[in-house]
Structures are given as structure tokens and as C-alpha cells.
Amino acid sequence: MQKSGACTRLYFLEDCSFISWPPLIHTKRNPTVSCGRASASPEQPQMAAFGHTFPFYAGPKPTFPTDTTLAVIVAIFLTSLATFIIILPGIRGKMRLFWMLRVVTSLFIGAVILAVNFSSEWSVGQVSTNTSYKAFSSQWISANVGLQIGLGGVNITLTGTPVQQLNETIDYNEEFTWHLGENYAEEYANALEKGLPDPVLYLAEKFTPHSPCGLHGQYRLAGHYTSAMLWSWLSRVAFLCWLLANVMLSMPALVYGGHMLLATGLFQLLGLLFFSTATSLTPPCPLRLGAATLHTHRGPAYWITLTTGLLCVLLGLAMVVAHRMQPHRLKAFFSQSVGEDPVLELNPEEGGLLNPRYRSTTESPEPQDIPLSEASSEAPCEEPDCAL
């Protein structure tokens, strides 16, 4: 917005002439129209290049149905899975079943470690209520208010029921972050300047650093240490353990791959412990919206991390026990028994995994040396070709 003289309009000159940007149009106003809040006259030109609207008044921005970071992570792992499925028919026999289990499990664990770190659904809450719409207004709306708290910020949604109320489309989705290098208080100040609805500003204010609720400190602390256990630019503990587990499971050191898989699960569970402890340091802050109260609970990201951590721990323990009890079958499962154990014979027609046959020493007797008799060795050679 720019001011010129008494006109408070976009790019209006003192003579009420209108200048657009890009400089495509320069139109004189009707002299009978004042420089106040004048409505658009029929003589006002239209700009077909911008959809018959002036570029100053932007239309609704296109929205992506999900978080772009999560979409990229899922796309990468689905591409890897599709690539493996393409080459899967080239694996012989029943070996492809074991390959499928190993690859799908490994990709699932890696995708979860990355996706939950960027998810905003560690703590979630939603309530339907009648609440005020904007400040200094007595108008109320009926809407669904949602709150999603992640490791790096908070996401607030406001959807009217119905969406069209008060001659407006009530459908808001605002994000406020507290990542390293981000200023939550500045983002909240920008939201105040935008004039966002009251429910969004009310919930965002509860997470400001100076709020008496203390939600900013506890969730920022919980997100920092939980992200350090899973994935962060400094540590990446669980993710690195997952990478080392995949490398070692492709080598003869299977027991160390089991140890790394066990460590992957333990670090995930440790991150959950940090999150639960930090978020329970202070009593819950009441979030009242109209006549209703919004309560938060553990979200899908928390429970899927718990499930994946327990899965990694169980698989790691199973590999350690199998290495103690049945090392040959463990090697056969990972296709590492061929050429390493002379006692274990694998059936190549079955993929070399499901039908191991153990041969006893009686079935393969050692070659015996038959000594020549002294009489045959001392017998004179009478034939002419004997000397040759």
C-alpha cells in the first residue's frame, strides 16, 4: 500500500489517476469520483492476462494437500521400493520372498525415521465450537479448530462449518515454527499484522516465548532432543544406526548388523522418552475456544515411532539370538551361506534358502590310497611298449 496526498489506495496519484504494475494500464478516473472508498466503475479496465483481476488483489493461493517435505520423503522411498520390485523377478526360487521381507522392512524403518521428524502430528487436538471470528467484532462463527504440534513448530487449522460464512471462505491453515534460526515471536507478530482470525491468534499466542503457559519452552525442548535422537543436522543418531545396519547386514558381520538394528530401536525409544518427559514438566494449559476446551493427545507420529522402535528392538534381539543358536540358518536367510560352510549344501533350484541338506561324512567318503604290491612293482617288463 502506498499513500499519496489524501488518497489511500494502491499506486494512486494526486489526480486520482491509476497506475498498474506491470505498467500496462494508465487510466484516468472519472472526475466525479472522489479519492475515498470509491467503488469500481464500469469504465475500469480489465486485465485478461491476470484472470480479469488486478495483480494487487491476489486470489486464493493454490495449496498442496500434504506437507511437501513428507511428500518428497515418501516419494523417494516408494521409488526405491518400485525399483526393487522391478528387479525382483530376476531372483530365483523362494529367495525372492526373503529379499522382499528384508527390503520392505528396511525401507519402512528408514522412511519412518525421516518422516516423523518432519511431521507435525506428535501431539494433536481438535474441537468444534462457536467462537468469535475477528477482533473488535461481535460476529461469531461455527468452526472446527485443529492443533497439531510437531518437533519443529505448531500448525493451526480453522475450518468453518459450513465453510462459507459471513460472506467469506473460512478455511485457514497456519504454521508457526521454532526451528534453529527461526523466530517464533516474529512469525506471531506477522500473523497479527495479517489480521488472522481470533482462534488462530489465540492458539498461536499460547506458544509464544513470553506466554505464562510455558508451552513454547517445553515443546521446543522436547522437539530439540527428540529430533537429535532421530534425525537432525548435528547428530542423526537413529538414522546413522539404520544405515550402518543395512551395510553390515550385506556383509558377513551379521551379528553386528543386529546390534546396529537394536541400537536403532533403542534411540527411537529414547527420543520418545525425551518427548514424553519434556512435555509433562508443566501442567497442561487450558485452551478455551468459546464454550469448548481444546485438549491435546499423542498423535500418529508418536505411535508410529513407538511401533517402529519396538520392531527394531525385536528384530535386533532375534538376530543376536539366531546368531547364537542357528548361525547357519541366519546366514542362509541373508544369502551368505554359499561357499562359506562346506557342511551346508544349498539347493540352487529352490533359491538356496529353504531346503538346506546336511550331508554326513559317510555319504562323501574320503578317497583311499591303494598301494601297489611289491610283486607288481618288481615284475620285469616284457612287452615292447612297456618302456614307453
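Residues numbered from 1 in each chain as written. Predicted model: local features only at pLDDT ≥ 70, side-chain atom pairs only at ≥ 80, totals over all residues. Heavy atoms only, no water.

Quick look at the overall build of the protein chain
When helices and strands are tallied, the protein chain shows ten helices and 13 strands. Element-wise, carbon and sulfur atoms account for 61% of the exposed surface of the protein chain, whose accessible area totals about 24100 Å². (Helix = DSSP H or I, 4+ residues; strand = E, 2+ residues; numbered from the N terminus. Areas by Shrake-Rupley, 256 points an atom, 1.4 Å probe, with all protein chains shown as cover.)

Some remarks on the nonpolar core
One finds Trp122, Leu147, Val154, Ile156, Phe176, Phe207 and Leu294 to be the most contacted residues of the largest nonpolar core, which totals 66 residues. A per-element tally of this core places helix H2 (residues 95-118) first, with nine residues. (Core = buried A, V, L, I, M, F, W, Y, C linked by side-chain atoms within 4.5 Å. Buried < 20%, exposed > 50% of the residue type's maximum accessible area, 1.4 Å probe, protein only.)

Notes on the packing of aromatic side chains
The full count for this structure, using the stated rule, is 14 aromatic pairs. Residues Trp122 and Tyr302 carry aromatic rings whose centres are separated by 6.3 Å and whose planes lie at 80° to one another, so their mutual orientation is edge-to-face. Placement of Trp122 in the loop between H2 and strand E5 (123-132) and of Tyr302 in helix H8 (residues 300-325) is noted, with a sequence separation of 180 residues between them. Where Trp178 meets Tyr184, the ring centres are 6.1 Å apart and the plane angle is 40°; that geometry is what we call tilted. Take Trp178 and Tyr184: they sit in the same class, and that class is buried. Grouping aromatic residues by their ring pairs yields a cluster made of Trp122, Phe176, Trp178, Tyr184, Phe207, Tyr219, Phe275, Tyr302 and Trp303. Above the face of the Tyr302 ring, Arg298 is positioned so that its terminal group lies 5.1 Å from the ring centre. (Phe/Tyr/Trp six-rings, centres within 6.5 Å; stacked < 30°, edge-to-face > 60°. Lys NZ or Arg CZ within 6 Å of the ring centre and 35° of its normal.)

A closer look at the environment of Val247
Structurally, Val247 can be placed in helix H6 (residues 237-249). For Val247, a relative accessible area of 45% translates into the label partly exposed. A sequence separation of 13 residues divides Val247 from Met260, and the C-alpha atoms of the two residues are 9.9 Å apart.

So, helix H5 (residues 215-230)
Note: α-helices contain 3.6 residues per turn, so residues at a spacing of three or four share the same orientation. Over its 16 residues, H5 runs 22 Å from end to end, which matches the ideal 22 Å to within 8%, given 1.5 Å per residue. Of all the positions in H5, only Leu215, His216, Gln218, Tyr219, Ala222, Gly223, Thr226, Ser227, Ala228, Met229 and Leu230 are classed as buried. (Expected span 1.5 Å × (residues − 1).)

Concerning the sheet that holds strand E7 (residues 153-165)
Reading across the sheet, the five strands line up as E8-E7-E6-E5-E11 and stay open at both edges, with antiparallel pairing between neighbours. Each having just a single partner strand, strand E8 (168-177) and strand E11 (297-298) make up the two edges of the open sheet. In this sheet, E11 lies alongside E5 in antiparallel orientation, the contact comprising two bridges. By the bridge assignment for E11, Val124 is matched with His297. With respect to the sheet, helix H4 (residues 198-206) is in contact with E5, strand E6 (140-149), E7 and E8, its orientation differing from that of E7 by roughly 165°. (Pairing = 2+ DSSP bridges. Contact = heavy atoms within 4.5 Å. Axes fitted to C-alpha atoms, helices over the stretch in contact; angles between N-to-C directions.)

Comments concerning the packing of H5 against H6
The description of two packed helices rests on the angle between their axes and on the distance between the axes. Across the interface, H5 lies against H6 with an axial gap of 3 Å and an inter-helix angle of 10°. The angle between H5 and H6 places the two elements in the roughly parallel class. Across the interface between the two elements, Ala228, Met229 and Leu230 of H5 pack against Val237, Ala238 and Phe239 of H6. A class-by-class count of the residues in the contact of H5 with H6 yields six nonpolar, no polar and no charged. (Parallel < 35°, antiparallel > 145°, perpendicular 65-115°, else oblique. Nonpolar A, V, L, I, M, F, W, Y, C, P; charged D, E, K, R; others polar.)

Overview of unusual backbone geometry
The omega angle of the peptide bond from Thr161 to Pro162 is 5°, so this bond is cis rather than trans. Counting through the fold element by element, Pro162 comes out in strand E7. The backbone of Asn167 sits at a positive phi, close to 60°, despite the residue not being glycine. Within the secondary structure layout, Asn167 lies in the loop between E7 and E8. Residue class for Asn167 comes out exposed when judged on its relative accessible area of 83%.

Observations regarding the side chain of Asn117
Locating Asn117 in the fold gives a position in helix H2. At 2.7 Å, the side chain of Asn117 forms a polar contact with the side chain of Ser227. Setting aside residues up to four positions removed in sequence, Asn117 forms contacts with Leu151, Ser227 and Trp231. (Polar contact = N/O pair within 3.5 Å; in protein donor to acceptor, adjacent residues only side chain to side chain.)

Focus: the packing of helix H7 (residues 254-279) against H8
Interaxial distance between H7 and H8 falls to 8 Å at its minimum, and their mutual angle equals 150°. The pairing of H7 with H8 is recorded here as roughly antiparallel in orientation. As H7 runs across H8, the sense of the crossing is left-handed. Of the residues belonging to the contact of H7 with H8, the class tally is 17 nonpolar, eleven polar and no charged. (Left-handed = near helix turned anticlockwise from the far one by under 90°.)

So, the environment of His259
Relative to the elements of secondary structure, His259 occurs in helix H7. Residues His259 and Cys241, spaced 18 residues apart in sequence, show a C-alpha to C-alpha distance of 9.2 Å.

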